[in-house]
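Residue-level structural notes
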Amino acid sequence: MERIRDIAKLVRWGNLLFLAALIWLMEKWVVVPVLDQAAFGEQMPWYMLVLIMLATVLIAAGGYVINDYFDVKIDRINRPDEVVVTRSVSKPAAMRLSLVLSGIGIGCGLAVAGLLRSWTLGILFVIIPGLLWFYSSSYKRLLMVGNIIIALLAGLTPMIVAMANVAILQLRYGTILGYTTLPHDIYAWMGGFALFAFLLTWIREIIKDMQDQMGDRELECHSMPVVWGEKWTKIFVTALIVCTLAIVGHLWWHVLPFPTGWSSLSTRYIVLGIVTPMVCALWLLWAAKIPSDYKTCQQVVKFTMFIGMLYSIVIVRGM
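Here is a short report on the structure shown in this document. (Residues numbered from 1 in each chain as written. Predicted model: local features only at pLDDT ≥ 70, side-chain atom pairs only at ≥ 80, totals over all residues. Heavy atoms only, no water.)

**Observations regarding the overall build of the chain**
A count of helical and extended segments in the chain gives 14 helices and zero strands. Of the regular secondary structure in the chain, the N- to C-terminal order runs α-α-α-α-α-α-α-α-α-α-α-α-α-α. A globule of 319 residues ought to have a C-alpha radius of gyration of about 20 Å, and the chain, at 20 Å, matches this closely. Reported as C-alpha extents along the three principal axes, the dimensions of the chain are approximately 60 × 45 × 35 Å. Put simply, the chain has 319 residues, and 51% of those count as buried. Of the contacts made within the chain by residues no fewer than 6 positions apart, 78% connect residues no fewer than 24 positions apart. Of the roughly 15300 Å² that the chain leaves accessible, carbon and sulfur atoms contribute 68%. (Helix = DSSP H or I, 4+ residues; strand = E, 2+ residues; numbered from the N terminus. Rg over C-alpha atoms; globule rule 2.2 N^0.38 Å. Buried < 20%, exposed > 50% of the residue type's maximum accessible area, 1.4 Å probe, protein only. Contact = heavy atoms within 4.5 Å. Areas by Shrake-Rupley, 256 points an atom, 1.4 Å probe, with all protein chains shown as cover.)

**Re the nonpolar core**
One finds Met26, Leu121, Ile186, Met190 and Ile207 to be the most contacted residues of the largest nonpolar core, which totals 81 residues. In terms of residue count, helix H8 (residues 182-211) provides more of this core than any other element does, 16 residues in total. Other than its neighbours up to four places away in sequence, Leu121 contacts Val112, Ala113, Leu116, Ile160, Met163 and Ala164. Listed in part, the 20 residues of the second largest apolar core include Leu10, Val84, Val89 and Ala94. (Core = buried A, V, L, I, M, F, W, Y, C linked by side-chain atoms within 4.5 Å.)

**Some points on the packing of helix H3 (residues 46-70) against helix H5 (residues 91-116)**
Running from amino to carboxyl end, H3 crosses H5 at an angle of 155°, the nearest separation of the two axes being 7 Å. Compared by their axis directions, H3 and H5 come out roughly antiparallel. The element H3 and its partner H5 pack so that their crossing is left-handed. A class-by-class count of the residues in the contact of H3 with H5 yields 23 nonpolar, five polar and one charged. (Axes fitted to C-alpha atoms, helices over the stretch in contact; angles between N-to-C directions. Parallel < 35°, antiparallel > 145°, perpendicular 65-115°, else oblique. Left-handed = near helix turned anticlockwise from the far one by under 90°. Nonpolar A, V, L, I, M, F, W, Y, C, P; charged D, E, K, R; others polar.)

**With respect to the pattern of salt bridges**
For the coordinates displayed, the defined rule picks out nine salt bridges. Lys208 is paired through a salt bridge with Glu205; the nearest N and O atoms lie 3.8 Å apart. Of this pair, Lys208 and Glu205 both sit in helix H8, three residues apart, roughly one helical turn. Look at Lys208 and you get partly exposed, because its relative accessible area is 25%. Overlapping salt bridges bring together Asp75, Arg79, Glu82 and Asp212 as one network. (Salt bridge = Lys/Arg side-chain N within 4 Å of Asp/Glu carboxyl O.)

**Quick look at the state of the cysteines**
One pass over the structure, following the stated rule, counts zero disulfides. There is no disulfide at Cys297, and the cysteine sulfur nearest it, in Cys280, is 8.2 Å away. (Disulfide = S-S within 2.5 Å.)

**Description of H3**
With 25 residues, H3 should cover 36 Å at 1.5 Å per step; its first-to-last C-alpha distance of 36 Å lies within 8% of that length. Of all 25 residues making up H3, 18 are buried, and the element is well covered by its neighbours. (Expected span 1.5 Å × (residues − 1).)

This is the structure in structure tokens:
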């Protein structure tokens, strides 16, 4: 039983559930309402959605395992009580587990790409596991490169759902689709969520680097806190948070087709669910002095990202 718990910890089961929920939310609460508004109705078969969820979740799980495989020395310094690889799972077993999970994930992704005749999706489901491998082995130790790669991959999750739906529409309706704005509408809505996921993940990854800087310094990783120092890293993260809030404010005021008064559900959700916790994260960031402080801060950012994705349910209420 303990070994099973350790493997669940190794693959970050909580993050995998979030990924699966995110894909389901994007499909059922964003894409389907957009399709309904255009009188097209839901297009994606249930088995295809399951394949996309499996591909994404399994590739992510393989990425988590290989990350811990390469990070054993750093984790022994930063979080010795949480090390799984070499303690209850050997390094060869971790490598095999990563390859199996990634391989099955790639297979599911290629099956979706084949059904949809989409070269783009097929290439993505092959490139993403490779990026996760190189991120874990080398890119994460480079200044800013690793953070941006993980943020881009987080932003890709909603876009994969969008690409799959547009591919289905193109297969079924062909040139007729050119007389509608449906592909643009799907990409616009999903692009907003993708940008939000990208920015919040980038912010969280930098804060995690501040939490882990002791091990990073010991093993000469060139993370932002190691190269720039804590003060300038905090200034950079502050700029990212302000930029994120500015973008959210612009979309709320100028783009979203909902009332902007306080009585609006959309307004209250954005102010209480996104702006308030991000301001709280900013305060926690500047007050942070030890790793546990940074952990609390990045957990608040993670919570905000989850709440932001649940905004998809508010969209349906407004349509």
